[in-house]
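The residues making up each chain are set out below.
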Amino acid sequence: MLRILIADNQPVVRLGVRDLIECHPGWEVCGAAADGQQALDLAMQVRPDVAVVEVTLPTVDGIALTRRLCKACPTVRVLLFTCRDDEETITAGLAAGACGYVLKSDSGRSLEQGIAALGDNRRYLSPPVANFLAEAALHDPSPSG
C-alpha cells in the first residue's frame with residue numbers, strides 16, 4: 001500500500017487530491033494538513049511514502065517543509081504540487097530534496113503519474129516543468145565544462 005500525505009492550505013485542493021488518490025487501488029491517504037508545521041508533525045507520526053506538498057503553505061512553506069522532511073523522514077519522497085512555475089521556485093524545491101514537481105494547471109493525469117513515479121522511487125517532472133527547465137538550461141549563459 002502506497003501511503004500518501006497531502007499538504008495544501010486550500011480545503012478544496014486537499015479534497016480533490018484525496019479523491020484522485022482514493023480512486024487508485026493500492027494508494028491511501030494517511031493524512032492531510034493545512035499548513036507546513038502540521039504536515040511535518042503529521043509526517044513524523046504517520047511516516048508516509050509520498051508527500052504531495054504545496055509550495056506556498058503557511059507557517060512553514062513547502063520548500064522549507066521539503067528540506068525538513070528529507071532530514072527527519074528520509075524515506076518520504078516529496079512531490080511539489082503548486083501554481084508556482086518560476087525557475088527560482090522550481091530549482092529551490094528540487095534543491096531542497098523534492099523528487100517531483102507538478103503544476104496545478106497540469107492535468108490530473110500528471111499528478112497521478114507523479115505520485116506513481118515517486119511511489120516507484122523515480123523522479124517526476126510534469127511536461128511543462130521539464131520543458132521550462134530544459135529551456136532555462138539551453139539559455140544559461142554560464143560556460144560548461
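Refer to the structure presented above.
These figures come from a predicted structure and were not determined experimentally.

Draft legend 1. Just the sheet that holds strand 1 (residues 2–7), in detail. If you walk across this open sheet you meet the six strands as 2-1-3-4-5-6, and the pairing is parallel. Strands with a single pairing partner mark the edges of an open sheet, and in this sheet they are strand 2 (27–33) and strand 6 (124–125). Across six bridges, strand 1 lies against strand 2 in parallel orientation. Bridged to alanine 7 within strand 2 is alanine 33. Lying over the sheet, helix 5 (residues 108–119) contacts strand 1, strand 2, strand 3 (50–53), strand 4 (77–82), strand 5 (100–103) and strand 6, oriented at roughly 165° with respect to strand 4.

Draft legend 2. The arrangement of the packing of helix 4 (residues 87–95) against helix 6 (residues 127–138) in detail. Axis separation between helix 4 and helix 6 bottoms out at 11 Å; the angle between their running directions is 105°. The angle between helix 4 and helix 6 places the two elements in the roughly perpendicular class. Facing Glu87, Ile90, Thr91 and Leu94 of helix 4, the residues of helix 6 in contact are Val129, Phe132, Leu133 and Ala136. Partitioned by chemical class, the residues of the contact of helix 4 with helix 6 number six nonpolar, one polar and one charged.

Draft legend 3. Quick peek at the pairing of strand 5. Burial of strand 5 is two-sided: the residues Gly100 and Val102 facing one way and the residues Tyr101 and Leu103 facing the other way are all buried. Where strand 4 meets strand 5, four bridges bridge the pair, whose relative direction is parallel. Pairing of leucine 80 across the sheet is with tyrosine 101, part of strand 5. Strand direction decides the pairing type here: strand 5 and strand 6, joined by two bridges, are parallel. For glycine 100, the partnering residue across the bridge sits in strand 6 and is tyrosine 124. A crossover connection joins strand 5 to the parallel strand 6 through helix 5; in handedness this β-α-β unit is left-handed.

Conventions we followed
- Residues numbered from 1 in each chain as written.
- Predicted model: local features only at pLDDT ≥ 70, side-chain atom pairs only at ≥ 80, totals over all residues.
- Heavy atoms only, no water.
- Pairing = 2+ DSSP bridges.
- Helix = DSSP H or I, 4+ residues; strand = E, 2+ residues; numbered from the N terminus.
- Contact = heavy atoms within 4.5 Å.
- Axes fitted to C-alpha atoms, helices over the stretch in contact; angles between N-to-C directions.
- Parallel < 35°, antiparallel > 145°, perpendicular 65-115°, else oblique.
- Nonpolar A, V, L, I, M, F, W, Y, C, P; charged D, E, K, R; others polar.
- Buried < 20%, exposed > 50% of the residue type's maximum accessible area, 1.4 Å probe, protein only.
- Right-handed = clockwise from strand over helix to strand, strands pointing away.

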